Structure formats: structure tokens, C-alpha cells
Number of protein chains: 2
Amino acid sequence: MELEYDGLLFSGWQTQNNAPTIQDAVEKTLERILSRKVRICGSGRTDAGVHARAQIANFFTDSALSCDKILKALNSWLPEGISARKVAEGDSGFHSRYSAKFKHYRYIIYNGKTPPALQRNRVWFVPCPLEIKKMEKAAVCLLGRHDFSSFGVNPRRKVKNPVKTILCIKIKKSGPNIRFDVIGDGFLYKMVRSIIGTLVDVGRGKRKTDEIKKILSMKNRMNASPIAPPQGLYLHKVIY
Amino acid sequence: MELEYDGLLFSGWQTQNNAPTIQDAVEKTLERILSRKVRICGSGRTDAGVHARAQIANFFTDSALSCDKILKALNSWLPEGISARKVAEGDSGFHSRYSAKFKHYRYIIYNGKTPPALQRNRVWFVPCPLEIKKMEKAAVCLLGRHDFSSFGVNPRRKVKNPVKTILCIKIKKSGPNIRFDVIGDGFLYKMVRSIIGTLVDVGRGKRKTDEIKKILSMKNRMNASPIAPPQGLYLHKVIY
């Protein structure tokens, strides 16, 4: 399944007690469609407030319903703020998480002077001037294979493998919006938002471009900037 | 003042009893800033659910506060979903409504196959195929000066002057979105949504292109199609 959702209506992807999550909502809807308990497996969690343009999740079923029927039933019964874009049969070895090669996240900043009433839940409003060239230069330092401990928050448990590869950070200004496209083979907890927060500090002149290398080498989250808020972040695509 | 707002959070522009309106919210905020009652005058009403990218409203004040200070204070204190984009001093003869020469409305349809979770409050979701060329051809019949009684709903009182001039109806497809830009010297109650509803019926093949002329000539709202929903409509610009 390819799922689109508005992260602000849910307490994140993963099932938890006493809070509405996307996983719960989709599992309950599938249970209604397939008349039995269904457990879905997402390509990864998204935090509360983070959106998805195309989250991928798989489940197993012996139902005789066609994929098209399941798609239509999902879109009839899913709660507000979640929609199913595609349903297709996968290979038997397919696993939403383990088969994923790369993930593409998009982050959108609204860099106008006054707050964006109509986009308020879809962007981060940064009213101060941002120098795109400085941010681009800083982003280059993050490309490739690094230990990203400085950009990974993980309060509960130690990170197993903080070494990740970032393939691409593309920054594009279009009117008052600045779009960051970040593609990598894996991301630590809150890593994209931590990167964006730090790049914005470079763009506004609060940090120097070459500080990024130093931050990376220190392998400690305390050195990066505050994380960017969730409502500007989208899980844009999962590449298999 | 140039105001942007999310129409879904309010019961329309105009002050009414027991329902939150944009006019009320802006007047209360100005009262707080200027320490006295303020009455604002908008370029026109927008209905419940209809958004504005740039509604214009004026008020009179002898305050010593600069326009820039008022703008900042508005954006600090306006409720969620309303923002002020500009505040400037007008000529003494300026009147938001009477000085307006043209109004530019935009309507956005999401013409994808599955519901748009992230855009759900900003577009009308029309899943069936729409032929742009047919809609363009039909739209041409509406250009110029006509009696638009067939496209104006007015349950409470008779329309004073149903003759309006439409300068432009531009239809543009961009990905799954179809954008309608309608510019005219005035619009009857729910006229834009009534036009869009009828054009969509042409685009999906439910009505013929040349029916538009017949509908216009009948001068009766009962002949047009059901109106398009409010969440796809934006007061985009007021031209003085």
C-alpha cells in the first residue's frame, strides 16, 4: 500500500496506547474490509506531526478481494487525513522496511515575511532571510557515508548503527517556499529535522558553513542546532 | 490591510451572532492593538469555507502606531488561520468595496484518482476524468457582459443588478490539479462556485459545451449545475 497522510491529526505512525496513530487507523480499516485482524508493517515510523506523501506498508492476506477493491474500500473508510494511493500485490519476499533501499524526505520552509495562514500546517515559517548558497555549501559536507550521531536524537536506547549514507540534499527556492529534498539509505531518529535546523542556522548566518564538518566529527547531538518542527517534513518516497 | 485566511475555520467573513467570523476576529484584534472599537470594511464577503489569499479590508484610525507596527501586532494576536500580509495607509477616498475594479477568484480541483489527504481542505476532489478543452470552450461563452441570474443564488433578497462582466476564465492543469482563474467586475452570491460546478459537468461529459449559452439566457438558477464546494475557492486578488 502507498499511503498519504496528514501527520498533524495523528500521534505518529506507530501504534501506542491511548493516542490515535496512523498504523492503528489503517489496521482497523483493513480489519473491517477483510473481516479479520491485520498487522501492517510500514517502511519506517514517522513522528507526530510529520506527513507522508507516499508511505509504504505491507500486510499478508488470503482474501479473494482484488487490490482495486481493497483500495476503494480503504478510501471509503479510512479516517480524515489518511488516504490510500495504491494497493498492489508484492513478491513473497517483499518487506516494506527491509526491502527499502533509499528514503526520500522533503522539507518545506515558508520564508515569507508574514505567517502563511493557508499553509500553516504544511510548512515551517522562517521569516528571517536565508542564504540558499550558504545552505547548499553546508549541505555538501553531509553528503556520503558518515557517522550521523550528531544529527540523531535517541533518548530511549542507543543507536545500533549511526553510520548512514546521504545521496542527495537538493535545495530549491520557489517563490517564498524553500524545498529541501534529502535522499539517504537510512535516517536516525529526527535526523532530517536536525539537519534542516542546522542548515537554517547556516542560512541565517548564525553558524558558519564549515561548522558542519566539525559538528559531524564530534558525534554528539548537543552540537547541532535545535530540530526543525515536524509540520514541514514529508516522507516523500520510499525507493526499493 | 491585505488578509490571508483559511475559510474552513470560520463561518464566513461577515459578523454574525454566535459564530466565529473573520471580520469579528480581525476587529477584536484591532481593538486590542488600537485600544478602541474598530469597524472594518472588506472588499466583499466570502462564504463559510471559502479561503482568501488576499482579501482587502480598510478601517479608519487616528492612532500614532505605524503601519508596520500594526502589521506585526496583527500577526502576533490574530487567531490561527488568519494572517495579515500588508498594512498600508490609503487615500482618504479609498473604500475596500466601492473602489474595487475587479476581483480575481481562483478555484482548485484535485483531479487524481484517490483522495488527497494532504490537500483535502484546500481543493475539490473530483476523481472522474475531466476534459480541459471542453471546459475551456464552455468558459468562453461566459466571457463578457451578461445577466448571470442563472449562476447566482440569492435566497434572501432579490439581486439588485445581475448583470456582471467576466474578463477572464483561465483553466490550467498542473499534475493532478486543475486551476481556474476567474476575473470579473463583480460576482453574484455563489456565482463562481456555480460556474465551476457547471464547467465540471461539461468537462465530465454530463452537459454539452453549448448548453452554457442556453443556461445563461434562461436567467434562472435552477438550470445550472450544483455549486462546487467552498474549500476549493480562494479570493485571490482584488484589483483597484
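Going along each chain's sequence as written, the residues are numbered from 1 onward. Chain letters start at A and ligand numbers start at 1, both assigned in the order the entries are written. With the structure being a predicted model, the display of local features is reserved for residues of pLDDT at least 70 and the display and counting of side-chain atom pairs for 80 or more, all residues being used for whole-chain, interface and lining totals. Side-chain calculation: all heavy atoms of the structure are included, whereas hydrogens and water are not.

Draft legend 1. Focus on helix H4 (residues 191-203) of chain A. Segments assigned H or I by DSSP are reported as helices when at least four residues long, segments assigned E as strands when at least two residues long, and all are numbered from the N terminus. A helix is expected to span 1.5 Å multiplied by its residue count minus one. Between its terminal C-alpha atoms H4(A) stretches 18 Å, which fits the 18 Å expected from 13 residues at 1.5 Å a residue. Buried, partly exposed and exposed residues are distinguished by accessible area as a fraction of the type maximum, computed with a 1.4 Å probe on protein chains only: under 20%, between the cut-offs, and over 50%, respectively. The element H4(A) is extensively covered by neighbouring structure, given that 13 of its 13 residues are classed as buried.

Draft legend 2. Focus on the relation of the copies chain A and chain B. Least squares is the method for superposing the copies, and the C-alpha atoms it fits come from residues with pLDDT of at least 70 in both. When chain A is fitted to chain B, the residual RMSD is 0.0 Å, and the transformation amounts to a turn of 180° plus an axial shift of 0.0 Å. Viewed as a symmetry operation, the transformation between the two copies matches a two-fold axis. Scanning chain A for the C-alpha nearest the rotation axis identifies Gln119(A), at a separation of 5.0 Å. Two residues form a contact once any of their heavy atoms are found within 4.5 Å. Looking at chain A, 100% of its interface residues are interface residues in chain B too, so the copies touch through the same face.

Draft legend 3. Representation of the side chain of Gln231(A). All names here are of chain A. One can find glutamine 231 in the loop between helix H5 (211-218) and strand E10 (233-239). Separated by 3.2 Å, the side chain of glutamine 231 and the backbone oxygen of valine 123 make a polar contact. Not counting residues up to four positions away in its chain, the partners in contact with glutamine 231 are Leu8, Gly49, His51, Arg120, Asn121, Arg122, Val123 and Trp124. In the analysis that follows, any N or O atom pair within 3.5 Å is treated as a polar contact, provided that within protein one partner can donate a hydrogen and the other can accept it, and provided that, for residues neighboring in sequence, both atoms belong to side chains.

Draft legend 4. Highlighting the side chain of Thr21(A). Residues and elements named next belong to chain A. Position of threonine 21 among the secondary structure elements: in the loop between strand E1 (2-5) and helix H1 (22-34). On the basis of relative accessible area, threonine 21 is assigned to the buried category, the value being 1%. Setting aside anything within four residues of it in sequence, one finds threonine 21 in contact with Phe10, Ser11, Gly12, Trp13, Gln14, Thr15 and Gln16.

Draft legend 5. Molecular detail of the environment of Arg106(A). Residue and element names in this part refer to chain A. Its location among the elements puts arginine 106 in strand E5 (residues 102-110). You can call arginine 106 buried: its relative accessible area is 17%. Between the alpha carbons of arginine 106 and valine 182 there is a distance of 6.2 Å; along the sequence they are 76 residues apart. Those residues within four positions of arginine 106 in sequence are excluded, and the remaining contacts are Arg179, Phe180, Asp181, Gly232, Leu233, Tyr234 and His236.

Draft legend 6. Quick look at unusual backbone geometry. Residues and elements named next belong to chain B. A positive phi angle, near 60°, is found at asparagine 18, a position not held by glycine. With respect to the helices and strands, asparagine 18 occurs in the loop between strand E1 (2-5) and helix H1 (22-34). One non-glycine residue with positive phi stands out, namely lysine 190, at about 60°. With respect to the helices and strands, the residue lysine 190 is situated in the loop between strand E9 (177-184) and helix H4 (191-203).

Draft legend 7. Representation of the domain arrangement of chain A in the model. Residue and element names in this part refer to chain A. Throughout the structure description, domain borders are defined by an automatic or database domain assignment. In terms of domain boundaries, chain A breaks down into domain 1 (2-86) and domain 2 (102-239). Of note, the centres of domain 1 and domain 2, computed from C-alpha atoms alone, are 27 Å apart. At the junction of the two partners, domain 1 supplies 16 residues and domain 2 supplies 16 residues. Note: buried area is the sum, over both parts, of the accessible area (probe 1.4 Å) each one loses when the two are combined. Broken down residue by residue, the surface that domain 1 buries against domain 2 is led by Asp47, His51 and Arg53, which jointly contribute 39%. For this document, the term salt bridge refers to a Lys or Arg side-chain nitrogen within 4 Å of an Asp or Glu carboxyl oxygen. For the pair domain 1 and domain 2, the number of links is 2 salt bridges. Note that aspartate 6 is salt-bridged to arginine 122, the shortest N-O span being 3.1 Å. On the surface where domain 1 and domain 2 come into contact, there are 8 residue pairs in polar contact (both at pLDDT 80 or more).

Draft legend 8. Structural view of the packing of helix H3 (residues 132-140) of chain B against H4(B). Residue and element names in this part refer to chain B. The axes used here are C-alpha line fits, helices contributing only the stretch in contact, and every angle between their N-to-C directions lies in the interval 0 to 180 degrees. One can describe the packing of H3 onto H4 by two numbers: an axis separation of 8 Å at closest approach and a directional angle of 135°. Overall, the two elements H3 and H4 adopt an arrangement that is oblique. Seen along the crossing, H3 lies across H4 with a hand that is right-handed. On H4, the residues that touch Lys134, Met135, Ala138 and Ala139 of H3 are Leu199, Val200, Val202 and Gly203. Angular relationships are summarised with four words: roughly parallel below 35 degrees, roughly antiparallel beyond 145, roughly perpendicular across 65 to 115, and oblique for the angles in between. What makes a crossing left-handed is the near helix being turned counterclockwise from the far one by less than a right angle; a clockwise turn instead makes it right-handed.

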